[in-house]
Amino acid sequence: MRIVNAYTVVPNEIKPGDVMLFTIKAMVMHQDDDDKLVYRLYRCPWDGDADNLVPQGHQIANMEDVCKVLFPSLALVGRPG
């Protein structure tokens, strides 16, 4: 088993058994009028990310689905915003 950086691994160097690591950040922005926590999910930047234009990283598409899998407690009380 080999641990690789999912952001920088060269595609043709990925091997069976590799474990890919990445960082996802959940930011709770505010609470809405229905008492739901409004959140955003970001893929955190890494060294050498030439497209990194914002310090928190790039916003993730399909936030609701990703939140249910990675942050289930937040998904119960929040919504993407």
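Above: the structure in question.
This structure is a prediction, so every number in the text was calculated from the model and none was measured.

Visitor: Tell me what's going on with the overall build of the chain, and back it up with residues and numbers.
Guide: From N to C terminus, the chain includes two helices and six strands. For the chain, the N- to C-terminal ordering of α and β elements is β-β-β-β-β-α-α-β. Evaluated residue by residue, the chain yields a buried proportion of 22% over its 81 residues. Contacts spanning at least 24 positions in sequence make up 31% of the contacts within the chain whose residues lie at least 6 apart. Counting every atom, the chain has about 5,800 Å² of accessible surface; 55% of that belongs to carbon and sulfur.

Visitor: If you had to explain the side chain of D32 to someone new, which residues and values would you point to?
Guide: Position of D32 relative to the elements: it lies in the loop between β3 (24-31) and β4 (37-43). Take D32: its relative accessible area is 14%, and that puts it in the buried class. Here the side chain of D32 touches D34 through a polar contact of 2.9 Å, landing on its backbone nitrogen. Leave out the neighbours within four places in its chain, and D32 touches V38 and R79.

Visitor: For the side chain of D18, give the residues involved together with the corresponding values.
Guide: Tracing the sequence through the fold places D18 in the loop between β1 (3-5) and β2 (19-21). For D18, a relative accessible area of 17% translates into the label buried. Within polar-contact distance, the side chain of D18 engages the side chain of R2 at 2.7 Å. Within the local environment of D18, its side chain forms a polar contact with the backbone nitrogen of K15, the two atoms lying 2.8 Å apart.

Visitor: Account for the pattern of salt bridges, naming residues and giving values.
Guide: In this structure the tally under the stated criterion is two salt bridges. D32 is paired through a salt bridge with R79; the nearest N and O atoms lie 2.9 Å apart. With D32 in the loop between β3 and β4 and R79 in strand β6 (residues 78-80), this pair connects stretches of sequence that are 47 residues apart.

Visitor: So what's going on with the nonpolar core? Which residues, and what values?
Guide: In terms of nonpolar packing, the biggest core is built from seven residues, these being I24, Y39, L41, I60, M63, C67 and L74. Listing elements by their share of this core, those giving two or more residues are β4 and α1 (63-70). In this structure Y39 touches M27, V28, M29, M63, E64, C67, L74, G78, R79, P80 and G81, once residues within four positions along its chain are discounted.

What counts and what doesn't
Residues numbered from 1 in each chain as written. Predicted model: local features only at pLDDT ≥ 70, side-chain atom pairs only at ≥ 80, totals over all residues. Heavy atoms only, no water. Helix = DSSP H or I, 4+ residues; strand = E, 2+ residues; numbered from the N terminus. Buried < 20%, exposed > 50% of the residue type's maximum accessible area, 1.4 Å probe, protein only. Contact = heavy atoms within 4.5 Å. Areas by Shrake-Rupley, 256 points an atom, 1.4 Å probe, with all protein chains shown as cover. Polar contact = N/O pair within 3.5 Å; in protein donor to acceptor, adjacent residues only side chain to side chain. Salt bridge = Lys/Arg side-chain N within 4 Å of Asp/Glu carboxyl O. Core = buried A, V, L, I, M, F, W, Y, C linked by side-chain atoms within 4.5 Å.

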